[in-house]
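Topology and contacts: notes
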Amino acid sequence: MTLWICRTCGVEFADTTQPPARCLICEDDRQYVGWGGQEWTTRDELLAAGHRNDARDIEPGLTGIGIAPPFSIGQRALLVQTEGGNVLYDCVSLLDDEAREAIEARGGIDAITLSHPHFYDAMVSWSHAFGGCPIYVPDVDRAFVTRPDPVIEYWDGDPLEVVPGVTLIRTGGHFPGSAVLHWAAGAEGRGALLVGDSITVVPDRRYVSFMYSYPNLIPTSPETVRAIVASVEPYAFDRIYGGWWGRDVMEGGKDAVRQSAERYISYLQGEHG
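Nothing here was measured: the structure is a model prediction, and the numbers come from that model. (Residues numbered from 1 in each chain as written. Predicted model: local features only at pLDDT ≥ 70, side-chain atom pairs only at ≥ 80, totals over all residues. Heavy atoms only, no water.)

Concerning helix 5 (residues 222–232)
As a reminder of what qualifies: To sort residues, take the accessible area from a 1.4 Å probe on protein chains only and compare it with the maximum for the residue type: under 20% means buried, over 50% means exposed, and anything in between is partly exposed. Numbering of helices and strands starts at the N terminus; helices are DSSP runs of H or I of at least 4 residues and strands are runs of E of at least 2. In what follows, a contact means two residues having at least one pair of non-hydrogen atoms within 4.5 Å.
Regarding helix 5, the residues found buried are P222, V225, I228, V229, S231 and V232. Summarising the contacts, the buried residues of helix 5 are in contact with strand 12 (166–170), strand 13 (179–183), strand 14 (192–194) and helix 6 (253–268).

Some thoughts on the nonpolar core
Selection rule: Here, nonpolar core means buried Ala, Val, Leu, Ile, Met, Phe, Trp, Tyr and Cys residues that are tied together by side-chain atoms lying within 4.5 Å of each other.
I109, M123, W126 and I135 are the most contacted members of the largest nonpolar core, which has 42 residues in total. Elements with a contribution of two residues or more to this core: strand 1 (2–6), helix 1 (24–27), helix 2 (43–48), strand 5 (62–68), strand 6 (77–82), helix 3 (97–105), helix 4 (123–129) and strand 9 (135–138). When residues in this core are grouped by element, the largest group, four residues, is from helix 4. Excluding its chain neighbours within four sequence positions, the residues that come into contact with W126 are N53, I65, L88, C91, V92, L94, L95, I103, I109 and I112.

What about the sheet that holds strand 8 (residues 111–113)?
Under the convention used in this document: In short, DSSP must find at least two bridges between two strands for them to pair. Between N-to-C directions, angles span 0 to 180 degrees; the directions come from axes that are lines fitted to C-alpha atoms, helices contributing only their stretch in contact.
Strand order in this open sheet of seven strands is 4-5-6-7-8-9-10, and the pairing throughout is mixed. Edge strands, defined here as strands with exactly one partner in the open sheet, are strand 4 (52–59) and strand 10 (152–155). Averaged over all neighbouring strand pairs, the angle between strand axes comes to 25 degrees, with direction disregarded.

A closer look at the sheet that holds strand 14
Taken in spatial order, the six strands of this open sheet run 11-12-13-14-19-20, and their pairing is mixed. In this open sheet, the two strands that pair with only one neighbour each are strand 11 (160–163) and strand 20 (248–249). In terms of strand pairing, strand 11 meets strand 12 through three bridges, oriented antiparallel. Across the sheet, E161 pairs through a bridge with T167, a residue of strand 12.

Concerning the pairing of strand 4
For strand 4 and strand 5, the ladder comprises seven bridges, and the chain directions are antiparallel. Counted as the bridge partner of R52 is A68 from strand 5.

Notes on the side chain of S260
Going by this rule: Each polar contact in these results corresponds to two N or O atoms within 3.5 Å; when the atoms are within protein, one needs to be able to donate a hydrogen and the other to accept it, and residues that are neighboring in sequence are counted only if both atoms are side-chain atoms.
Residue position: S260 is located in helix 6. Judged by its relative accessible area of 2%, S260 falls in the buried class. Polar side-chain contacts of S260 include one of 2.6 Å to the backbone oxygen of A256. In contact with S260, not counting residues within four places along its chain, are Y207, V208 and F210.

Some words on the layout of surface pockets
Gaps between atoms show up when a probe of the same size as a water molecule is rolled over them. For clarity, the threshold we go by: Cavities and pockets are defined on a 1 Å grid built over the protein atoms alone: a cavity is a set of grid points where a 1.4 Å probe fits but cannot escape, while a pocket is an open set with protein on both sides within 12 Å along at least five of seven lines, and lining residues are those with an atom within 4 Å of any such point. Grid points are joined across faces, edges and corners, and a volume is the space filled by probe spheres set on the points. Ten residue types, Ala, Val, Leu, Ile, Met, Phe, Trp, Tyr, Cys and Pro, are classed as nonpolar, four, Asp, Glu, Lys and Arg, as charged, and the remainder, Gly among them, as polar.
Its boundaries defined by the atoms lining it, the largest pocket holds a volume of some 280 Å³. Lining the largest pocket we find 17 residues, and of these L3, E12, R43, L95 and S125 sit closest to its centre. Counting only elements with at least two residues in the lining of the largest pocket, the list comes to strand 1, helix 2, helix 3 and helix 4. Here the lining of the largest pocket is built from residues that sort into seven nonpolar, four polar and six charged.

Section: the side chain of S93
Turning to its location among the elements, S93 is positioned in the loop between strand 7 (85–89) and helix 3. Given a relative accessible area of 3%, S93 falls into the buried group. Reaching out from S93, the side chain makes a polar contact with the backbone oxygen of G10 at a distance of 2.6 Å. A polar atom in the side chain of S93 sits 2.9 Å from the side chain of D121.

What about unusual backbone geometry?
Here the bond from A68 into P69 is cis, since omega is -10 degrees, no more than 30 degrees from zero. Position of P69 relative to the elements: it lies in the loop between strand 5 and strand 6. One non-glycine residue, D121, adopts positive backbone phi at about 40 degrees. Tracing the backbone shows D121 in the loop between strand 8 and helix 4. Not every positive phi belongs to a glycine, and E188 is a case in point at roughly 55 degrees.

Overview of the packing of aromatic side chains
Put simply, the rule is: Aromatic contacts are taken between Phe, Tyr and Trp rings whose centres are within 6.5 Å, Trp giving its six-membered ring; a plane angle under 30 degrees counts as stacked, one over 60 as edge-to-face, and the others as tilted.
This structure, assessed with the given rule, holds four aromatic pairs. When the ring of F144 is compared with that of F175, the centres are 5.1 Å apart and the planes differ by 90 degrees; the resulting orientation is edge-to-face. Of the two residues, F144 sits in the loop between strand 9 and strand 10 while F175 sits in the loop between strand 12 and strand 13, which places them 31 residues apart along the sequence. For the residue pair F144 and F175, the accessibility class agrees, reading buried in each case. Where F210 meets Y264, the ring centres are 5.7 Å apart and the plane angle is 80 degrees; that geometry is what we call edge-to-face. In this pair, F210 sits in the loop between strand 16 (208–209) and strand 17 (211–213) while Y264 sits in helix 6, placing the two residues 54 residues apart along the sequence. What makes F210 buried here is its relative accessible area of 0%.

If you want it as structure tokens, here you go:
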């Protein structure tokens with residue numbers, strides 16, 4: 001049996017002798033099937049092709065883990081380390097031995113949280129590598145789980161304090177269960193928000209943006225944007241860490257979310273011609 005990984009989105013599927021006929025993540029209109037058609041790989045093939053994990057300490061208590069050379073969407077996972085436990089936010093398709101040792105040296109992983117299904121990747125394999133730690137998946141996105149496993153705990157979407165000072169917040173938007181992770185002690189105690197695609201840091205790092213589909217350039221609605229902003233309003237945060245290397249708002253994060261939402265809605269409503 002083999003754990004197949006979609007080459008386009010990077011998500012791992014359940015053990016089968018033959019690759020699945022289709023990837024339900026890529027066939028959704030928020031994503032796409034690769035131009036060469038549906039293609040699959042495995043962990044061993046990725047390692048043989050020279051892919052390895054890239055782990056970088058970003059600030060005290062926060063480590064990013066990506067894949068180099070980049071694979072699929074090219075995102076990074078973020079590991080928050082606290083005295084009450086370590087929380088992984090988002091996942092990547094590969095976990096090599098060196099990265100596993102580096103994570104163990106930082107205290108391991110006590111829980112896995114996700115921003116949205118495009119970043120589920122090899123979440124079950126990561127959980128199994130760290131003692132079967134729980135994976136929190138919003139119940140509304142249950143249909144996008146491609147490798148069911150008892151380590152998955154379906155979450156009702158109410159704010160969830162995963163460990164003291166680290167809270168999972170459902171924003172909705174990109175997916176119904178899209179979520180961000182609030183780290184109260186981040187940014188030297190000013191608070192940090194870890195985000196995927198419902199709130200995404202854009203190349204002009206003074207701003208964030210909001211989309212239903214990024215690759216297919218489908219915007220979301222003003223009502224959805226307002227709901228996303230309202231979901232994070234109760235939390236203090238000065239810094240925003242995005243899903244890709246360097247995509248971070250280093251100060252004024254809360255104002256950046258508010259101002260970005262106002263700008264986005266004003267364009268949707270035709271205020272700029």
